[in-house]
Amino acid sequence: MTITIYHNPACGTSRNTLALIRNSGDEPEVIEYLQQPPSRSTLQQLILDAGLTVRAAIREKGTPYAELGLDDQSLSDAQLLDAMLAHPILINRPFVVTTIGTRLCRPSELVLEILPHAQRGAFTKEDGEVVINAEGQRVTPSA
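Structure report, in brief. (Residues numbered from 1 in each chain as written. Predicted model: local features only at pLDDT ≥ 70, side-chain atom pairs only at ≥ 80, totals over all residues. Heavy atoms only, no water.)

1. Topic: helix α2 (residues 40–49)
Thought 1: Among the residues making up α2, those that are buried are L43, L46 and I47. Down the axis of α2, the smallest arc covering the buried residues is 95°, so these residues share one side.
Thought 2: Positive phi appears at G51, one or two residues downstream of α2, with a value of about 75°. (Buried < 20%, exposed > 50% of the residue type's maximum accessible area, 1.4 Å probe, protein only. Helix = DSSP H or I, 4+ residues; strand = E, 2+ residues; numbered from the N terminus. Arc of directions from axis to C-beta.)

2. Observations regarding unusual backbone geometry
Thought 1: With omega at -5°, the peptide bond leading from R93 into P94 counts as cis.
Thought 2: Take P94: it is sitting in the loop between α3 (77–86) and β3 (95–97).
Thought 3: The peptide bond linking R106 to P107 adopts the cis configuration, its omega dihedral lying at 5°.
Thought 4: Here P107 is to be found in the loop between β4 (102–104) and β5 (123–124).

3. As for the sheet that holds strand β2 (residues 29–32)
Thought 1: Strand order in the open sheet formed by four strands is β2-β1-β3-β4, with mixed pairing between adjacent strands. Every other strand in the sheet has two partners, leaving β2 and β4 as the edge strands with one partner each. Taken over all neighbouring pairs, the strand axes of this sheet differ in orientation by 15° on average, direction set aside.
Thought 2: Direction of pairing for strand β1 (residues 4–7) relative to β2: parallel, over a ladder of four bridges. If you follow T4 over to β2, its bridge partner there is E29. (Pairing = 2+ DSSP bridges. Axes fitted to C-alpha atoms, helices over the stretch in contact; angles between N-to-C directions.)

These figures capture arrangement, not role.
Put into structure tokens, the structure is as follows:
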């Protein structure tokens, strides 16, 4: 069983997602996509398998999105993919792939939908939000 995470260690959401994977007892293949960007075909497949549009898979905050004019709605998917491959920081993160499915895990708890094993213990996100209780059960935020 292989789990792959396209990870940015500088991103809190990505770190929380990786920690949730490990809290299930699995050690994923970690691809630091800023150093090892996916191929065009892999990126297209990740986006397709996650049920996203190319535009929905682009990260705007902290990227050259505006400077590159990527808010231009007339740009094609091919042009957006070209930009993402030229500037991997534009790839939203973290993408996680398991045999159950592929998700862009924003928020990090989305990874729970595709993990093959249950959580083994409590988990609290870096911001202090409790996600998993001591029994390994999902904690739903109170409204």
